[in-house]
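An overview of the molecular structure
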Amino acid sequence: MSFQAPKGTFDWMPPRSELALAVRDAMSAPVRRAGYGYVETPTFEDTALFARGVGESTDIVSKEMYTFEDKGGRSITLRPEGTASTVRAVLQHGLQNGPLPAKVWYSGSFFRYERAQKGRYRHFSQVGAEALGVEDPALDAELIQLAAEGFASLGLTGVRLLLNSLGCAACRPAYRAALQDFLRALDLDDATRARVELNPLRVLDDKRPEVRAQLGGAPLVTDHLCEACKGYHEEVRSLLTDAGVAFADDPRLVRGLDYYTRTTFEFVHDGLGSQSAVGGGGRYDGLSEMIGGPPLPGVGWAIGVDRTVLALEAEGLAAPRSSGGVQVYGVALGDEARRLLFSLLIELRRAGVTADMAFGGKGLKGAMKGADRSGATYAVIIGERDLAAGAAQVKDLASGEQAAVPLAEIVTTLKERLTQ
Ligand code: ATP
Ligand code: MG
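Remember, it's a predicted structure, so these values are computed and weren't measured experimentally.

About the criteria used
- Residues numbered from 1 in each chain as written.
- Chains lettered and ligands numbered in written order.
- Predicted model: local features only at pLDDT ≥ 70, side-chain atom pairs only at ≥ 80, totals over all residues.
- Heavy atoms only, no water.
- Near = heavy atom within 4 Å.
- Polar contact = N/O pair within 3.5 Å; in protein donor to acceptor, adjacent residues only side chain to side chain.
- Areas by Shrake-Rupley, 256 points an atom, 1.4 Å probe, with all protein chains shown as cover.
- Helix = DSSP H or I, 4+ residues; strand = E, 2+ residues; numbered from the N terminus.
- Buried < 20%, exposed > 50% of the residue type's maximum accessible area, 1.4 Å probe, protein only.
- Arc of directions from axis to C-beta.
- Contact = heavy atoms within 4.5 Å.
- UniProt positions renumbered as here; feature names shortened; annotations may be inferred.
- Pairing = 2+ DSSP bridges.
- Axes fitted to C-alpha atoms, helices over the stretch in contact; angles between N-to-C directions.

What about the site of ligand 1?
- By nearness alone, 14 residues border ligand 1, and Arg112, Glu114, Tyr121, Arg255 and Ala277 come closest of all.
- Measuring from an oxygen atom of ligand 1, one finds a side-chain N or O atom of Arg307 at 2.9 Å.
- A total of 580 Å² of accessible area belongs to ligand 1 in isolation, and the protein chains cover 89% of it.
- Looking at the shell around ligand 1, the elements that each hand over two or more residues are strand S6 (123-132), strand S10 (277-283) and strand S11 (298-304).

Shown next as structure tokens:
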């Protein structure tokens, strides 16, 4: 019997896996340059953290969580998202009592029991960033700009930014009520009617055409913002404009999580079909209190690594810069030459040259085939005659040119040639 990866999951295998690494690097580099520190939290948490921190009425909590009882009788959930865990960790370690904002980022696996399809998996990967403890439109703008910078550094040109404000505790209730009045008059199924009562903003996010068709005249949150929220949103918008970050106002943009307030945004890519969101985020000023902490405003985003790779492929940017291959491939004939080559490879790698060798005692022909397959630029061949001469053959695998180089000069010679 042979096993397959579980439904809704897949393996990242070389060389495509290089793209996942490239996305993680590209999305985290800008935040690291902006003073965000790396946090790593457990892959599972108490179920109640997500139930309260993400919200009972969300799709995530109501249908997508991997929840189980552990052997100690605790209810445990594999994390479906990163913000609740991050805020939990920040509070647990008292970062709210230190210099603010507390800026952190994370990268890892997330789990949602979803209807599996392209771009929607049960195990997926995100890079996220959060800034806690300060409510300042410059912080919202900073985070958005950093994500935009990350996408741009990958060479992506088709990522669009959608921006909205969801208002605050002062103005949201009136908007919520107006929206409920509107939605109650529509022709909706029972589950959606229940949602109208529980979380009416989420109905605006309904993807079904029969629902969408009725939402045309829905009241817009941006028409109901209080003066403070309006001013805040204007400032975020103008900071983004000044920073050259293009965005489109989307007054219908709401997000799946209950805890968002004010700034809300999504990065979408049109090459991905219906799974178009490559990332999203926003401000979540009420979250800390929801999970039992002090008032602690926050803003952050999470980028979907898997979908960002699909976006790279959709734009034809999929050729991995390094396919996991090596620059130098070693071939040795005889045990003594092999030992020498083994040490030489270590030296090369320490000098920053990527290097591999033929393993498993293949003959010269088989080993040279390995060299060609490796994609290396040079082969280093040590035969018995070379050994006696204290040299190795350095072969340019593209041109076929080959010359003897004294062993003591191999590392510097190759390093020089490879950086030309
Ligand atoms: P969607 O509307 O597509 O379900 P979401 O609002 O549930 O997205 P978030 O919780 O905001 O997504 O997660 C941030 C990002 O993580 C998404 O924009 C997406 O790129 C990625 N993501 C979310 N769920 C999945 C999944 N099941 N498989 C792959 N990527 C995902
Ligand atoms: Mg979702």
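Anyway, onward from the coordinates.
Section: the environment of Ser109
- Structurally, the position occupied by Ser109 is in strand S5 (residues 102-111).
- Since its relative accessible area comes to 25%, Ser109 is described here as partly exposed.
- Through-space distance from the C-alpha of Ser109 to that of His123 is 6.7 Å; in sequence the pair is 14 residues apart.

Some thoughts on helix H14 (residues 364-374)
- For H14, the complete set of buried residues consists of Ala367, Met368, Gly370, Ala371 and Ser374. Down the axis of H14, the buried set is contained in an arc of 150°. They therefore lie on one face. The outward face of H14, more than 90 degrees from its buried face, is lined by the exposed residues Lys365, Asp372 and Arg373.
- At its buried positions, H14 is contacted by strand S12 (328-332), strand S14 (378-382) and strand S15 (391-396).
- Directly beyond the C-terminal end of H14, a positive phi value near 75° is found at Gly375.

So, the UniProt feature "binding site: L-histidine" (unreviewed entry) in the protein
- Taking the numbering used here, the UniProt-annotated feature "binding site: L-histidine" (unreviewed entry) corresponds to Glu81, Gly82, Thr83, Arg112, Gln126, Glu130, Arg255, Tyr259 and Tyr260.
- Note that Gly82 resides in the loop between strand S4 (75-78) and helix H4 (83-92).
- For Gly82, the contacting residues outside a window of four places in its chain are Tyr106, Phe110, Gln126 and Glu130.

Let's talk about the pairing of S15
- Of the strand pairs in this sheet, S14 and S15 are connected by four bridges, and their pairing is antiparallel. For Tyr378, the partnering residue across the bridge sits in S15 and is Asp396.
- Here S15 pairs with strand S16 (residues 402-406) via five bridges, running antiparallel. Each residue of the ladder has a partner; that of Ala391, found in S16, is Pro406.
- Where S15 folds back on S16, the antiparallel hairpin that results is connected by five residues, among which Gly400 adopts a positive phi of roughly 85°.

Some details on the sheet that holds S12
- Read across the sheet, five strands follow the order S13-S12-S14-S15-S16 without closing on themselves; strand pairing throughout is mixed. Edge positions in the open sheet fall to strand S13 (355-357) and S16, since each of these has one partner strand only. Adjacent strand axes in the sheet meet at a mean angle of 30° when their direction is disregarded.
- Packed onto the sheet, helix H13 (residues 335-350) meets S12, S13 and S14 and runs at close to 165° relative to S13.
- Here H14 sits on the sheet and contacts S12, S14 and S15; the angle it forms with S12, its principal contact strand, is near 175°.

As for the sheet that holds strand S3 (residues 66-69)
- What the three strands build is an open sheet, ordered S2-S4-S3; its pairing is antiparallel. If you trace the sheet from one side to the other, it starts and ends with strand S2 (44-46) and S3, each paired once. Strand-to-strand, the axes of this sheet are offset by a mean angle of 35°, without reference to chain direction.

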